[in-house]
Amino acid sequence: MYVCLCKAVTDKAIKQKVAEGVSTMRELKMCTGAGSQCGKCVCQAQQILHNELVRISDASLALAQPAA
């Protein structure tokens with residue numbers, strides 16, 4: 001799904017950038033251009049960024065716990 005129509009940034013592209021190490025909206029804006037033109041996508045882009053960071057954090061915590 002397109003999140004930023006101005007720069008043609010999709011939710012998959014945002015998730016890929018998070019997987020590559022992006023962790024802030026500023027970094028996301030610099031590498032994709034999302035939110036740098038009209039700004040209508042910023043809230044949705046931030047939400048996707050946040051959700052993906054939480055998902056990655058939860059996954060790493062699950063891996064770090066010893067097996068029962």
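See the structure printed just above.
Each chain has its residues counted from 1, following the order in which its sequence is written. Confidence filtering applies because this is a predicted model: local features only for residues at pLDDT of at least 70, side-chain atom pairs given and counted only at 80 or more, and all residues used for totals across whole chains, interfaces and linings. Calculation of side-chain values draws on the structure's entire complement of heavy atoms; hydrogens and water are dropped beforehand.

## Quick word on the overall build of the protein chain
Short version of the rule: Strands here are runs of E lasting at least two residues and helices are runs of H or I lasting at least four, both read from the DSSP assignment and numbered beginning at the N terminus. Exposure is judged per residue with a 1.4 Å probe applied to protein chains only, and the accessible area is read against the type maximum: over 50% gives exposed, under 20% gives buried, and values in between give partly exposed. Here a residue-residue contact requires only that any non-hydrogen atoms of the pair lie within 4.5 Å. Accessibility throughout is a Shrake-Rupley quantity obtained with a 1.4 Å probe, and a residue counts as covered only by protein chains that appear here. A residue counts as positive if it is Lys or Arg and as negative if it is Asp or Glu; His and the chain ends are not included. A charged residue contributes its charge at one atom only: NZ of Lys, CZ of Arg, CG of Asp or CD of Glu.
Helix and strand content of the protein chain: three helices and two strands. Listing each helix as α and each strand as β along the protein chain from the N terminus yields β-β-α-α-α. Across its three principal axes, the protein chain shows a C-alpha extent of roughly 50 × 20 × 15 Å. For the protein chain, the residues scored as buried account for 26% of the 68 residues in total. Within the protein chain, contacts between residues at least 6 apart in sequence are counted, and of these 53% link residues at least 24 apart. Per element, the accessible surface of the protein chain, about 4800 Å² overall, is 56% carbon and sulfur. Placing the 8 positive and 5 negative side-chain charges of the protein chain at their respective mean positions leaves the two points 9 Å apart.

## Concerning the pattern of salt bridges
Quick reminder of the rule: We count a salt bridge whenever a side-chain nitrogen from Lys or Arg sits within 4 Å of a carboxyl oxygen from Asp or Glu.
In total, this model carries two salt bridges according to the counting rule given. Glu20 is the salt-bridge partner of Lys17, the closest N and O atoms lying 3.4 Å from each other. Between Arg55 and Glu52 there is a salt bridge; the shortest N-O distance is 2.6 Å. With Arg55 and Glu52 both in helix H3 (residues 42-64), this residue pair falls three residues apart, about one helical turn. Residue class for Arg55 comes out partly exposed when judged on its relative accessible area of 47%.

## Digging into the side chain of Asp11
Applicable threshold: In protein, a polar contact requires one atom able to donate a hydrogen and another able to accept it; more generally it is a pair of N or O atoms within 3.5 Å, and residues adjacent in sequence count only if both atoms are side-chain atoms.
Its place among the elements puts Asp11 in helix H1 (residues 11-19). With no salt bridge to any partner, buried Asp11 finds its closest opposite charge in Lys15, at an N-O distance of 4.3 Å. At 3.0 Å, the side chain of Asp11 and the backbone nitrogen of Met1 are in polar contact. Every residue in contact with Asp11, bar those within four places of it in the chain, is listed here: Met1, Val3 and Ile48.

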